[in-house]
Amino acid sequence: MNTLLFPVILAGGKGERFWPLSRKDRPKQFLSLDGSSRSLLQATADRLIELGGGWDSLWVITSSQIAEGVRQQLPDLPSENLLIESEGRDTAAAVAWTSLEIKQRYGEDAVIGFFPADHWIADQEAFAHTLSAATQLAASTAAIITLGIKPTFPSTGYGYIEQGEKIGSFNELPAYHVNRFTEKPNRETAETFLSTGRFSWNSGMFLFRAGVVLKELHTHAPEIIEPLEQHGPDIYPQLLKKSIDYALMEKTTLAYVLPVDFGWDDLGDWNAIERLLKKQETPNVELATHVGLDTQGAIIYASNPEDIVVTIGLEDVVIVRDRNITLVVKKERTQEIKQILKILQSDSQFTDLL
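Residues numbered from 1 in each chain as written. Predicted model: local features only at pLDDT ≥ 70, side-chain atom pairs only at ≥ 80, totals over all residues. Heavy atoms only, no water.

Our focus in this paragraph is the side chain of Ser63. Among the secondary structure elements, Ser63 is positioned in strand β2 (residues 59-63). Residue classification places Ser63 among the buried residues on the basis of a relative accessible area of 10%. If sequence neighbours within four positions are ignored, Ser63 has contacts with Gly12, Ile84 and Glu85. (Helix = DSSP H or I, 4+ residues; strand = E, 2+ residues; numbered from the N terminus. Buried < 20%, exposed > 50% of the residue type's maximum accessible area, 1.4 Å probe, protein only. Contact = heavy atoms within 4.5 Å.)

Attention shifts here to empty space enclosed by the protein. Within this structure, the stated rule accounts for 1 cavity of 30 Å³ or more. Computed from the structure, the largest cavity encloses a volume of approximately 30 Å³. The wall of the largest cavity is formed by Thr44, Arg47, Leu48, Phe115, Pro116, His119, Phe127 and Met205. Sorting the residues of the lining of the largest cavity by element identifies α1 (40-49) and β4 (111-116) as the ones contributing at least two each. Broken down by element, the lining of the largest cavity gets its largest block of residues, 3 residues, from α1. Residues belonging to the lining of the largest cavity are distributed by class as follows: 5 nonpolar, 2 polar and 1 charged. (1 Å grid on protein atoms, 1.4 Å probe; cavity = no way out; pocket = protein on both sides within 12 Å on 5 of 7 lines; lining within 4 Å. Points joined across faces, edges and corners; volume = space filled by probe spheres on them. Nonpolar A, V, L, I, M, F, W, Y, C, P; charged D, E, K, R; others polar.)

Judged by nonpolar contacts, the single largest core of 45 residues is most densely connected at Ile9, Leu147, Leu258 and Phe262. The element that contributes the greatest number of residues to this core is helix α4 (residues 124-140), accounting for 6 residues. Beyond its immediate chain neighbours, meaning those up to four positions away, Leu147 contacts Thr130, Leu131, Ala134, Trp201, Ser203, Met205, Leu207, Leu258, Val260 and Phe262. Counting residues in each nonpolar core, the second largest holds 43 residues, with Val8, Ile61, Val95 and Ile161 among its members. (Core = buried A, V, L, I, M, F, W, Y, C linked by side-chain atoms within 4.5 Å.)

On to the packing of helix α3 (residues 90-106) against helix α7 (residues 222-231), then. Put simply, α3 and α7 touch, their axes get as near as 10 Å, and they point 40° apart. On the basis of their axis angle, the class for α3 and α7 is oblique. Here the hand of the crossing between α3 and α7 comes out right-handed. For the pair α3 and α7, the contacting residues are Ala92, Ala93, Ala96, Trp97 and Leu100 in the first and Ile224, Ile225, Leu228 and Glu229 in the second. Tallied by class, residues from the contact of α3 with α7 come to 8 nonpolar, no polar and 1 charged. (Axes fitted to C-alpha atoms, helices over the stretch in contact; angles between N-to-C directions. Parallel < 35°, antiparallel > 145°, perpendicular 65-115°, else oblique. Left-handed = near helix turned anticlockwise from the far one by under 90°.)

The next thing to look at is the environment of Leu276. Here Leu276 shows up in helix α9 (residues 271-277). Separated by 243 residues in sequence, Leu276 and Leu33 place their C-alpha atoms 8.9 Å apart. With sequence-adjacent residues up to four places away left out, Leu276 is seen in contact with Asp34, Trp120, Asp265 and Leu267.

Glancing now at the pairing of strand β15 (residues 308-312). Alternating positions in β15 separate cleanly, Val309 and Thr311 being buried on one face and Ile308, Val310 and Ile312 remaining unburied on the opposite face. Pairing geometry for strand β13 (residues 289-293) and β15, over 5 bridges, is parallel. Opposite Thr289, over in β15, you have Ile308 as the bridge partner. (Pairing = 2+ DSSP bridges.)

Let us now look at the environment of Asp261. Counting through the fold element by element, Asp261 comes out in the loop between β10 (255-260) and β11 (264-265). Assessed through its relative accessible area of 55%, Asp261 is described here as exposed. Residues Asp261 and Asp123 lie 138 residues apart in sequence; the distance between their C-alpha atoms is 8.8 Å.

The subject of this paragraph is unusual backbone geometry. The omega angle of the peptide bond from Trp19 to Pro20 is 10°, so this bond is cis rather than trans. Its identity as a non-glycine residue notwithstanding, Asn171 has a phi of 55°, on the positive side. Structurally, Asn171 can be placed in the loop between β7 (160-170) and β8 (173-182). Despite not being glycine, Glu172 has its phi angle at roughly 70°, a positive value. The residue Glu172 is located in the loop between β7 and β8 in this model.

This part is about the packing of aromatic side chains. In this description, a pair of aromatic rings is defined by centroid distance and the angle of the planes. Applying the stated rule across the entire model yields 13 aromatic pairs. With centroids separated by 5.7 Å and ring planes inclined at 40°, the aromatic side chains of Phe114 and Phe208 adopt a geometry described as tilted. Of the two residues, Phe114 sits in strand β4 while Phe208 sits in strand β9 (residues 199-209), which places them 94 residues apart along the sequence. Residue Phe114 shares its accessibility class with Phe208, and that shared class is buried. Put simply, the rings of Phe153, Tyr158, Trp201 and Trp264 touch in pairs and so form one group of aromatic residues. The ring of Phe127 carries the charged tip of Arg47 above its face, separated from the ring centre by 5.7 Å. (Phe/Tyr/Trp six-rings, centres within 6.5 Å; stacked < 30°, edge-to-face > 60°. Lys NZ or Arg CZ within 6 Å of the ring centre and 35° of its normal.)

All we've got here are geometric facts, nothing functional implied.
Shown next, in the form of structure tokens:
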């Protein structure tokens with residue numbers, strides 16, 4: 001089976017936990033965080049255009065605030081394949097609107113895949129093999145397919161998917177009915193999940209036929225799909241803000257999972273840089289000119305190569321120097337960067353730092 005896949009990049013996120021490098025005018029998906037010259041958005045597009053029908057089959061949905069940046073980053077993307085949200089309403093609205101547009105152009109049997117713009121994939125060949133399998137399953141079955149990442153540690157920061165009955169193999173990869181989704185468990189529960197061998201991390205990547213997902217949205221999220229059908233994207237600011245997980249995946253009986261292992265990271269915060277770039281023989285991850293004394297386990301970044309970061313006696317910290325801001329935070333507290341941004345937002349003298 002050689003079914004064409006229409007990949008869609010979800011590029012509306014802010015990436016606030018990568019502040020101060022990630023800001024309103026330069027969100028995380030515009031950054032290169034793996035030492036390469038390609039941004040996360042460009043790397044995602046590179047992966048996906050090889051799997052579909054080239055640039056004509058690739059779609060991107062993003063916010064009005066960064067749409068011009070997307071055009072600059074992806075100059076070969078057809079203008080009609082760029083959907084611009086007037087206001088971000090989370091992933092359920094994005095999936096619904098894009099699926100409606102692709103169905104209108106290519107019919108209800110078009111196979112659509114949704115992919116976040118800011119993920120890192122290690123093994124491109126295994127990724128392509130996986131998407132081929134998922135496309136086969138979507139084309140042949142009324143299925144809402146999610147890619148489940150094989151867990152490597154008992155993470156409390158990811159959602160989990162429990163696999164149920166095996167329904168067959170596609171491209172030599174087994175596929176299972178989803179028993180349940182579980183949001184970010186505590187460590188004890190995560191360890192239990194891993195010990196069973198039945199759980200995957202929820203990657204946030206989904207595939208399905210246009211007609212299948214639209215029918216399921218009518219059943220489980222009519223408050224999102226019906227206004228879009230009746231009024232088009234002008235209704236966007238009035239739509240409920242819901243993720244596709246809550247609006248659909250946790251409710252549908254058509255959820256299937258492909259457990260996969262192609263080297264994946266969702267690059268959720270600065271600690272991801274260590275997972276990607278840490279070398280055993282070096283004490284720190286340094287993306288800056290760093291002079292250190294008794295410093296280890298640090299992640300150090302400076303956007304200006306002329307800036308020098310000097311440290312003495314530090315351990316397990318993140319230091320980021322970008323333009324007029326220096327961030328210093330313990331690695332275990334990087335999730336709290338969002339709280340700092342709320343403080344900055346509340347004071348007009350700091351709004352230009354966001």
